[in-house]
Amino acid sequence: MIDVILGLQWGDEGKGKIVDYFAPRYDMIARFQGGPNAGHTLYVNDKKVVLHQIPSGIFHEQSINLIGNGVVLDPVTFKKECETVKSFGIDYYRNLYIAQRTHIILPTHRALDKASEISKGNEKIGSTLKGIGPAYMDKTGRNGLRVGDLLDKNFKAHYTSLRQKHQKLLDGLHFEEDVSAMEEEFFEALEFMRDFKIVAGEYFINEKLSQGKKVLAEGAQGSMLDVDFGTFPFVTSSNTISAGVCTGLGVAPQHIREVIGVTKAYCTRVGGGPFPTELENETGDRLRKAGSEFGATTGRPRRCGWIDLVALRYACMINGVTKLVMTKADVLDDFEKLSMCTKYRIAGLESEEVPFQMLQQPIEPVLSTFEGWKKDITTIKDIHSLPEEMKTYISFIDSYLKVNVSYISNGPGRDQLIEKQ
Ligand code: GDP
Ligand code: IMO
Ligand code: MG
């Protein structure tokens, strides 16, 4: 049986904390897509850790952690992250596995990401510059190198040939940074990776499933950044939605049980692209400050706005969400009034659907306004003690989405999660 935890907005919904919280209930935690563009924050012994490549179950000794084939893996980031994990006394060799079909991010992928963004000028995606797009392009373009290739004696020759291809592209884009400076640590990190358990991920996970083991699939990014269903072209290059679990791990859909969608009580986005409920005003600044909304990977300020129920209902539909987790509810503690977007108004017409194009015509969010609860909720432990205004806010979301908020996160800490049912 597989349960999935994934983001329903534009990423940074608090997936890392939620995966870490649920991890003890599972035998295996598996990442199925994305790469070091992800930044998943958790607190271990009250110390903050941000994971980019390693699944968020790594701090639980009993759980196996798998980096699935759908991930793109940067060896340099991976090695650094292993060192961080080790500083918490975790023996990463023991319970961390890498699927052999996982594609490797090369230094030239990072350079290409940068060169491509520069060439786009004002139209840039606002990518994390981690090489995600170019690495997935080499996967679908059938050029990429995979972790399993490390065991091939011709690896270096394949690497050199791909690097040369990349260099031609970089020259075409007039990109002049010297990539060879990044190669030394890249090759060191590849050596480091060889000692890991590199497995046929699809057989590995299916064997565990047939033994009755429970798997938690950890999504990265968010549904509105999905390459097919997100706000294209302002998206990432993988399928972030629940369908990505099957291709990203090599499992059949009937294994999937719960799809747990994570949403903030409001909404953020980092990078370019449409964001109908964005507040480019003092209220947006207040949200950013109260929620410490600065990117966990790039440190960039996150754009902030009200919760967008039109986009959320779309995300619930595409993912088949069975349960909702609402995070960062405490961030709204001091607000007198709260709003939610229930419709989009485009060229005078109201709609409850996410349109194909979100930038050609301005989208005006139709807002419903609610009373704020004006109370510190960070120490509340049970659902009954939540303020009435907050119950009203949440029950409106439940009825609009036709999926219930089952958990409310009221702080970044491990123990700050209230179960509703
Ligand atoms: P992820 O990418 O979805 O794992 O989310 P990030 O780690 O990028 O961003 C979420 C941020 O919010 C992190 O700094 C978390 O520590 C923090 N966080 C998570 N849940 C809560 C919550 O309920 N309340 C508050 N105040 N912060 C939270
Ligand atoms: P987590 O897992 C928020 C955004 C980037 C950019 C776009 C494309 O922490 O939620 P990419 O580097 O993937 O080519 O960038 O997607 N983005 C994220 N935004 N959280 C993330 O991950 C993100 N990963 C990518 O800012 O707009
Ligand atoms: Mg993040």
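Scroll up for the structure.
A brief structural summary. Predicted, not measured: the structure shown is a model, and the values here were computed from it.

Observations concerning the side chain of Glu183
Among the secondary structure elements, Glu183 is positioned in helix α7 (residues 183-194). Glu183 sits in the buried class, given a relative accessible area of 15%.

Quick look at the site of ligand 1
Taken together, 19 residues lie around ligand 1, and Gly14, Lys15, Thr41, Asp330 and Ser409 are the ones closest in. Here an oxygen atom of ligand 1 sits 2.8 Å away from a polar atom, N or O, in the main chain of Gly39. A distance of 2.9 Å separates an oxygen atom of ligand 1 from a polar side-chain atom of Lys328. Here ligand 1, which alone exposes 590 Å², has 92% of that area covered by the protein. Broken down by secondary-structure element, the contributors of at least two residues to the shell around ligand 1 are α1 (15-22) and β3 (40-44). Among the residues making up the shell around ligand 1, the classes are represented as four nonpolar, eight polar and seven charged. Taken together, domain 1 (2-101 + 198-260) and domain 3 (263-419) each give at least three residues to the shell around ligand 1, which thus spans both.

Examining the coordination of the magnesium ion (ligand 3)
Taken together, the protein ligands of the magnesium ion (ligand 3) are Asp12 (OD) and Gly39 (O), with distances of 2.0 to 2.2 Å. In this pair, Asp12 is assigned in the loop between β1 (2-7) and α1 and Gly39 in the loop between β2 (28-31) and β3, connecting sequence segments 27 residues apart. Among the residues examined, Gly39 registers a relative accessible area of 11% and is labelled buried.

Observations regarding the environment of Gln53
Its location among the elements puts Gln53 in the loop between β4 (47-51) and β5 (64-67). For Gln53 and Leu73, which are 20 residues apart along the polypeptide, the C-alpha to C-alpha distance reads 6.9 Å. Sequence-distant contacts of Gln53, that is, excluding residues within four places in its chain, are made with Arg31, Gly35, Pro36, Ile67, Val71, Val72, Leu73, Asp74, Thr77, Phe78 and Glu81. A polar contact of 3.4 Å, which involves the side chain of Gln53, links it to the backbone oxygen of Val72.

So, the packing of helix α6 (residues 155-172) against α7
Remark: α6 packs on α7, axes separated minimally by 14 Å, with the N-to-C direction vectors making an angle of 145 degrees. Like other packed secondary-structure pairs, α6 and α7 cross with a definite hand, here right-handed. The segment α6 lies against α7, with Phe155, Lys156, Tyr159 and Arg163 engaging Glu183, Phe186, Phe187 and Leu190. Class assignment for the residues of the contact of α6 with α7 results in five nonpolar, no polar and three charged.

A look at helix α8 (residues 201-210)
Of the residues making up α8, those classed as buried are Gly201, Glu202, Phe204, Ile205, Lys208 and Leu209. On an axial view of α8, the arc spanned by its buried residues comes to 165 degrees, and they lie on one face. With respect to the buried face of α8, the exposed residues turned more than 90 degrees away are Tyr203 and Ser210. Where α8 ends, the next residue or the one after it, Gly212, has phi of about 85 degrees, a positive value.

The rules behind each value
- Residues numbered from 1 in each chain as written.
- Chains lettered and ligands numbered in written order.
- Predicted model: local features only at pLDDT ≥ 70, side-chain atom pairs only at ≥ 80, totals over all residues.
- Heavy atoms only, no water.
- Helix = DSSP H or I, 4+ residues; strand = E, 2+ residues; numbered from the N terminus.
- Buried < 20%, exposed > 50% of the residue type's maximum accessible area, 1.4 Å probe, protein only.
- Near = heavy atom within 4 Å.
- Polar contact = N/O pair within 3.5 Å; in protein donor to acceptor, adjacent residues only side chain to side chain.
- Areas by Shrake-Rupley, 256 points an atom, 1.4 Å probe, with all protein chains shown as cover.
- Nonpolar A, V, L, I, M, F, W, Y, C, P; charged D, E, K, R; others polar.
- Domains from an automatic or database assignment.
- Donors = N, O, S within 2.8 Å, 3.2 Å for Na, K, Ca; no water.
- Contact = heavy atoms within 4.5 Å.
- Axes fitted to C-alpha atoms, helices over the stretch in contact; angles between N-to-C directions.
- Left-handed = near helix turned anticlockwise from the far one by under 90°.
- Arc of directions from axis to C-beta.

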